[in-house]
Amino acid sequence: MNFDKRLIKSVKAANASAVKHLVEKTDVDVNYQGEDGMTALHWAAAYSARPCLRILVNSGKCNYLLKDKKGRSASELAYEYGRDYAVGRLLMKKEAEQAVKDGVLADWSGELVED
């Protein structure tokens, strides 16, 4: 199993020590999307795995604008499945900051569009 898939598996198991090792000691791609389009951040948000989520966010490597194959962002999964509103708000803030930095705007429907 490669590091990218191992990272997602570790997040799903809420194994923060494994997540920390992979993020800090390997060349893992934290933005790797599985067949469902979900990244480790998506899974951490959906499972309310706050320790894992903290490691991912603090790595500074997350792309907060990635959507899964159903068009959902990590913040949406935090609200919908994780029922963690504080994490949802944090991730929405990170999405907005990255969108501004990347020059991406949201149209009236909430969909991201290029400027």
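Now for a look at the structure at hand. Remember, predicted model here, so these are calculated numbers, not experimental data. (Residues numbered from 1 in each chain as written. Predicted model: local features only at pLDDT ≥ 70, side-chain atom pairs only at ≥ 80, totals over all residues. Heavy atoms only, no water.)

**Considering the nonpolar core**
Piece 1. Counting 28 residues, the largest nonpolar core has Leu7, Val11, Val19, Leu41, Leu53, Leu56 and Leu91 as the members making the most contacts within it.
Piece 2. Of all the secondary structure elements, the ones that give two or more residues to this core are α1 (3-12), α2 (16-25), α3 (40-46), α4 (50-58), α5 (74-80) and α6 (85-102).
Piece 3. In terms of residues, this core owes the most to one element, α3, which gives six residues.
Piece 4. When residues no more than four places from it in sequence are discounted, the contact partners of Val19 are Leu7, Ser10, Val11, Cys52, Ile55 and Leu56. (Core = buried A, V, L, I, M, F, W, Y, C linked by side-chain atoms within 4.5 Å. Buried < 20%, exposed > 50% of the residue type's maximum accessible area, 1.4 Å probe, protein only. Helix = DSSP H or I, 4+ residues; strand = E, 2+ residues; numbered from the N terminus. Contact = heavy atoms within 4.5 Å.)

**Some details on the pattern of salt bridges**
Piece 1. By the definition in use, this model includes five salt bridges.
Piece 2. The residue Lys20 makes a salt bridge to Glu24 at a minimum N-O spacing of 3.6 Å. Pair noted here: Lys20 and Glu24 are both in helix α2, with a separation of four residues, about one helical turn.
Piece 3. Among the ionic pairs, Lys67 bridges to Glu76, the shortest N-O distance being 3.6 Å.
Piece 4. Residue classification places Lys67 among the partly exposed positions, given a relative accessible area of 28%. (Salt bridge = Lys/Arg side-chain N within 4 Å of Asp/Glu carboxyl O.)

**A word on the environment of Ala96**
Piece 1. If you trace the backbone, Ala96 turns up in helix α6.
Piece 2. Taking the relative accessible area as the measure of exposure, Ala96 reaches 43% and is therefore partly exposed.
Piece 3. Separated by 28 residues in the primary sequence, Ala96 and Asp68 have C-alpha atoms spaced 18 Å apart.

**Digging into the side chain of Asp4**
Piece 1. By the secondary structure assignment, Asp4 is in helix α1.
Piece 2. No salt bridge is formed by the buried Asp4, whose closest oppositely charged neighbour, Lys5, lies at an N-O distance of 8.8 Å.
Piece 3. Once residues lying within four places of it in the same chain are set aside, the contact partners of Asp4 are Val28, Asp29 and Tyr32. (Lys, Arg positive; Asp, Glu negative; His and termini not counted.)

**Section: the packing of aromatic side chains**
Piece 1. Summed over the entire model, instances satisfying the criterion amount to two aromatic pairs.
Piece 2. Where Trp43 meets Tyr47, the ring centres are 5.4 Å apart and the plane angle is 85°; that geometry is what we call edge-to-face.
Piece 3. By relative accessible area, Trp43 is classed as buried at 13%.
Piece 4. Judged by relative accessible area, Tyr47 falls into the partly exposed class, the value being 44%.
Piece 5. Each ring, one from Tyr79 and one from Tyr85, has its centre 5.7 Å from the other, and the planes form 40°; the classification is tilted. (Phe/Tyr/Trp six-rings, centres within 6.5 Å; stacked < 30°, edge-to-face > 60°.)

**Quick look at unusual backbone geometry**
Piece 1. Positioned with a positive phi, Ala14 is a non-glycine residue whose angle comes to about 55°.
Piece 2. Within the secondary structure, Ala14 sits in the loop between α1 and α2.
Piece 3. Phi is positive for Ser48, close to 55°, though the residue is something other than glycine.
Piece 4. Locating Ser48 in the fold gives a position in the loop between α3 and α4.
Piece 5. Under the relative-accessibility criterion, Ser48 is labelled partly exposed at 31%.

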